[in-house]
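# Tertiary structure, described
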Amino acid sequence: MKIRLLALLLLLAPPAYAQSAVPDLPFDSVPDFLKLPPGMNFGEVSGVAVNSKAHVFVFTRSNSAHGPAYAPTAAQLLEFGAKGEFIREIGKDLYGWSFAHTVRVDKDDNIWAVDKGSDLVVKFNQAGRVTQVYGRRKESADDETKPWEHPTPPLPHIDGLFRQPTDVAWDSDGNIYISDGYVNSRIAKYDRNGDWVKSWGERGSRPGQFNLPHAIVVDRNNNVYVGDRSNRRIQVFDTDGRFLRMFTIDVPPPAGTRPVNGNTPTGERLAAVIGAPNSICITSGASQVLFVGESTFPGRLFKVSLDGQVLGVIGRSGRQLKQFSGVHQLACPTEHEVYAAETSNWRVQKLIFPGERQTSTARR
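In this text, all values refer to a predicted model and were calculated from it rather than measured experimentally.

## Structural notes on the overall build of the chain
Tallying secondary structure elements over the chain gives two helices and 24 strands in all. Taken over the C-alpha trace, the chain has a radius of gyration of 19 Å; the compact-globule value for 364 residues is 21 Å, and the two agree within 12%. Across its three principal axes, the chain shows a C-alpha extent of roughly 50 × 45 × 40 Å. Of all 364 residues assigned to the chain, the portion counted as buried reaches 54%.

## Some thoughts on the confidence of the model for the chain
The share of residues in the chain with pLDDT of 70 or more is 92%, and the mean pLDDT across the chain is 92. For the stretch residues 1–17, pLDDT sits under 50, and the model shows 18 contacts to residues farther than four places along the chain or on other chains.

## What to know about unusual backbone geometry
Of the consecutive residues D180 and G181, the connecting peptide bond is found in the cis state with omega at -15 degrees. With respect to the helices and strands, G181 occurs in the loop between strand 11 (176–180) and strand 12 (186–190). Omega for the peptide link from F297 to P298 comes to -5 degrees, which places this bond in the cis form. Among the secondary structure elements, P298 is positioned in the loop between strand 19 (290–293) and strand 20 (301–304). One non-glycine residue, D93, lies in positive phi territory at about 60 degrees.

## Observations concerning the sheet that holds strand 13 (residues 196–200)
The sheet built from four strands is open, its strands ordered 10-11-12-13 with antiparallel pairing. The open sheet has two edge strands, strand 10 (165–170) and strand 13, and neither has a second partner. The average undirected angle you get between the axes of adjacent strands in this sheet is 20 degrees. Here strand 11 runs beside strand 12; their pairing, made up of five bridges, is antiparallel. When the sheet's bridge partners are listed, Y177 is paired in strand 12 with K189.

## So, the nonpolar core
In terms of nonpolar packing, the biggest core is built from 18 residues, with Y225 and L290 touching the most fellow members. Where this core is concerned, the elements lending two or more residues are strand 14 (213–218), strand 16 (233–237), strand 18 (279–282), strand 19, strand 20 and strand 21 (310–314). With near-sequence residues (within four places) excluded, L290 lies in contact with V217, Y225, F247, I280, C281, I282, F302, K303, V304, S305 and L306. Ranked by size, the runner-up nonpolar core spans 15 residues in total, among them F59, I90, V103 and A113.

## Considerations on the packing of aromatic side chains
Tallied over the entire structure, the rule returns 17 aromatic pairs. Measuring from centroid to centroid gives 5.9 Å for F27 and F353, while their planes differ by 35 degrees, and the two rings are tilted. Placement of the pair is F27 in the loop between helix 1 (2–12) and strand 1 (28–29) and F353 in the segment after strand 24 (347–352), with a sequence separation of 326 residues. Look at F59 and W97: their rings are 5.0 Å apart centre to centre, the planes differ by 55 degrees, and that puts the pair in the tilted class. Here F59 is found in strand 3 (residues 56–61), whereas its partner W97 is found in the loop between strand 5 (86–90) and strand 6 (100–105), with 38 residues between them in sequence. W97 gets classed as buried once you look at its relative accessible area, which sits at 4%. Stacked on the ring of W148, the Lys or Arg K138 has its end atom at 3.7 Å from the ring centre.

## Quick notes on the pattern of salt bridges
Close approach of charged atoms lets side chains of opposite charge pair. Per the stated rule, a full pass over the model turns up 16 salt bridges. E294 is the salt-bridge partner of R300, the closest N and O atoms lying 2.8 Å from each other. With respect to class, R300 is no different from E294; both count as buried. Here E342 makes a salt bridge to R347, at a shortest N to O gap of 2.7 Å. Summarising the burial analysis for this pair, E342 and R347 share the class buried. Here the residues in one salt-bridge network are D238, D240 and R242, joined through shared partners.

Cut-off values and rules
Residues numbered from 1 in each chain as written. Predicted model: local features only at pLDDT ≥ 70, side-chain atom pairs only at ≥ 80, totals over all residues. Heavy atoms only, no water. Helix = DSSP H or I, 4+ residues; strand = E, 2+ residues; numbered from the N terminus. Rg over C-alpha atoms; globule rule 2.2 N^0.38 Å. Buried < 20%, exposed > 50% of the residue type's maximum accessible area, 1.4 Å probe, protein only. pLDDT = per-residue confidence, 0-100. Contact = heavy atoms within 4.5 Å. Pairing = 2+ DSSP bridges. Axes fitted to C-alpha atoms, helices over the stretch in contact; angles between N-to-C directions. Core = buried A, V, L, I, M, F, W, Y, C linked by side-chain atoms within 4.5 Å. Phe/Tyr/Trp six-rings, centres within 6.5 Å; stacked < 30°, edge-to-face > 60°. Lys NZ or Arg CZ within 6 Å of the ring centre and 35° of its normal. Salt bridge = Lys/Arg side-chain N within 4 Å of Asp/Glu carboxyl O.

Structure (structure tokens):
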């Protein structure tokens, strides 16, 4: 009880945006790493994942050229080889494609795509065949089918259905955790067979509540890390949804930092976006660390220990190589190699940190 009370008091206290002695980490970005077929371009790149063969999967908001000006379908899942060569498109014209959000690869190299627009999480096997579907898309034939509304408080959630889900992760037993998401503000849990177990969380700012759970990862000790983006924090739970702790990233941007789009935030708006966890990945090595990405501003990446200590700052906002805007998903097969999917810059950057060979492979 004392621990929970202390966590609540820390949450309600005025935030201090000054984490001292955080170094800028040196890194390189591989130019033009992913090689698309002639005449083909990415749209907003919302998702990136890497499998055990170092193949790179990109979920991009593309394929919208024949849609209406407003609310077109925008989702394509593409696979690239270890050297960046284009291999194939997975699930072309799939019923589940509406608005790409994230893609993950599990320990067996199954590919999981989370589509915010269709409210679906789709599992593909290595051959690119759909093997499981979580959630259900609204039927096009129903006259009440329309975009979700966002009432306050939100409408009660329904077990097994999603409203704008955002991400997926697994524990060591194969249980599945889905962050759900823009409307429901909860975490859904299924067992390894795909049977519903439970959910936890609701809209709010207290420990165990969420205001847009946007990213989720699980460490080797089965701690569940949730990027609670609009609350500007990462919350940590056990596999039953019991709140363990939380931490924030409190590194102010350098003076003169400017966003790629829009006016530079100031005051309360600036305080609300510093370190807000737009994306999270976790390494698979012997000593795990997190990489966390901000949104379009300040636009940086951070290397973070599992207890929440910021180990380094990576890059800044901008359009050039080694700059970022809208890092929507990260993949980190090792702590020396990170892939960053950017929505604002319509690309994936492959980042190399000192000590890693250019031919680095993914997790073993």
